[in-house]
Amino acid sequence: MSSTELPGVRAVVAAVPPVVSAVKVAEGEEMRSVALPGLTLAVRSRPPGREGLPPALFVHGLGGSSQNWSALMPLVQDVVDGEAVDLPGFGCSPPPDDGNYSVTGHARAVIRFLDAEERGPVHLFGNSLGGAVATRVAAVRPDLVRTLTLVSPALPEIRVQRSAVPTGLLALPGVAALFARMTREWTAEERTRGVMALCYGDPARVSEAGFREAVAEMERRMELPYFWDAMARSARGIVDAYTLGGQQGLWRQAERVLAPTQLVYGGRDQLVSYRMARKAAAAFRDARLLTLPDAGHVAMMEYPEAVAQAFRELLDECGGS
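Residues numbered from 1 in each chain as written. Predicted model: local features only at pLDDT ≥ 70, side-chain atom pairs only at ≥ 80, totals over all residues. Heavy atoms only, no water.

### As for the overall build of the protein
Argument step 1. Secondary structure summary: the protein contains 12 helices and eight strands in total.
Argument step 2. Taking all 321 residues of the protein together, the buried fraction comes to 53%.
Argument step 3. A separation threshold of at least 6 residues defines the contact pool for the protein, and within that pool the share at least 24 residues apart is 76%.
Argument step 4. Accessible surface for the protein amounts to roughly 13,800 Å². Of this, 54% is attributable to carbon and sulfur atoms. (Helix = DSSP H or I, 4+ residues; strand = E, 2+ residues; numbered from the N terminus. Buried < 20%, exposed > 50% of the residue type's maximum accessible area, 1.4 Å probe, protein only. Contact = heavy atoms within 4.5 Å. Areas by Shrake-Rupley, 256 points an atom, 1.4 Å probe, with all protein chains shown as cover.)

### Notes on the packing of helix α2 (residues 103–117) against helix α3 (residues 129–140)
Argument step 1. Closest axis-to-axis distance for the α2/α3 pair is 9 Å, and the angle between their directions is 65°. Taken as a pair, α2 and α3 cross one another with a handedness that is right-handed. Where α2 approaches α3, its residues Val103, Thr104, His106, Ala107, Val110 and Ile111 are matched on the opposing element by Leu129, Ala132, Val133, Arg136, Val137 and Val140.
Argument step 2. Here the residues of the contact of α2 with α3 are counted per class, giving nine nonpolar, two polar and one charged. (Axes fitted to C-alpha atoms, helices over the stretch in contact; angles between N-to-C directions. Left-handed = near helix turned anticlockwise from the far one by under 90°. Nonpolar A, V, L, I, M, F, W, Y, C, P; charged D, E, K, R; others polar.)

### With respect to the sheet that holds strand β5 (residues 122–127)
Argument step 1. Across the sheet, which stays open at both edges, the eight strands sit in the order β1-β2-β4-β3-β5-β6-β7-β8 with mixed pairing between neighbours. The sheet terminates laterally at β1 (30–36) and β8 (287–292), the two strands that pair on one side only. Averaged over all adjacent pairs, the angle separating strand axes in this sheet is 20°, with direction ignored.
Argument step 2. Here strand β2 (residues 39–45) runs beside strand β4 (residues 81–85); their pairing, made up of three bridges, is antiparallel. Looking at the pairing, serine 45 lines up with glutamate 83 of β4. (Pairing = 2+ DSSP bridges.)

### Remarks on unusual backbone geometry
Argument step 1. Residues glycine 120 and proline 121 are joined by a peptide bond in cis, for which omega reads 0°.
Argument step 2. Structurally, proline 121 is set in the loop between α2 and β5.
Argument step 3. With phi around 60°, serine 128 is a residue other than glycine that occupies positive phi space.
Argument step 4. You can see serine 128 is positioned in the loop between β5 and α3.

### Describing the pairing of β2
Argument step 1. Taken across its seven residues, β2 has six buried, putting it largely inside the fold.
Argument step 2. As judged from the seven bridges shared by β1 and β2, these two strands associate in the antiparallel manner. Within β2, the residue paired with methionine 31 across the bridge is arginine 44.
Argument step 3. The hairpin turn running from β1 into β2, its antiparallel successor, is two residues long, and glycine 38 in that turn takes a positive phi close to 85°.

### Focus: the nonpolar core
Argument step 1. Leu57, Val110, Phe113, Leu124, Val137, Leu148 and Phe284 are the most contacted members of the largest nonpolar core, which has 54 residues in total.
Argument step 2. Excluding its chain neighbours within four sequence positions, the residues that come into contact with leucine 148 are Leu124, Ala134, Thr135, Ala138, Val257, Ala259, Pro260, Thr261, Gln262, Phe284 and Leu314. (Core = buried A, V, L, I, M, F, W, Y, C linked by side-chain atoms within 4.5 Å.)

What is shown is where atoms sit, not what they do.
Set out below in structure tokens:
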């Protein structure tokens, strides 16, 4: 097995990506496409404040995209050369050729990207599913990671919160298709309000302009014929990762992470329990913990200034690089 490979891959035929509405690109951002063996990744970037800054990579969560990092990226562009990736099947990235949406499959995509671009070691950020992916990358390829910043990482919980159960149910065969049929008449506004109610500690913090942008992105996603398949398979990947034991278990891999780690947890998170914060802080060998009592599942979108400050302090501890 090569250094860029991870186990657990199976081959299926990927769907041909359709032509859909344009994705939102904020002022100062750029989007590009990176073709790799078996997959194509869309990458969002923001020019660094100066030449020679260390690279950073941002990895989004389930159902998200690189756009989830647009609030944070400009706040750290003076200290890192940042890029955010759309995981396979999300954002502007088409499905992977092998149909592998497991945590291992997503981690392999990140590793292949970093190896191909020769950007490592990077300051690696991950939210939710992206946090699990980033943990696995840092564990199996420590040479690629300078520091690790995890916002509500999807690490295994013995007692899952009741509010997180519907998301987990997407992993069951046929549930995603059933839900898609049941919600066929829902408007993009209704879907967006539901997602925000689940992911934000206080959805009222979202501006009207921000809400309209989110609705437009929801409309774009619903045009994708593989949207529900990517959601269901990725949700199944999280559930499968929760059940893995031994060296492949996520908590065991967290213990293997060598990189200095910043953990961020929200007190109103309905998807990753706030009570997991101290367990995570104990698992990662070089961890710092930031708890935001009023934040939900996406603190980098709700409280980007606080997350940026925590990262700057981590950077200072590591000598600024």
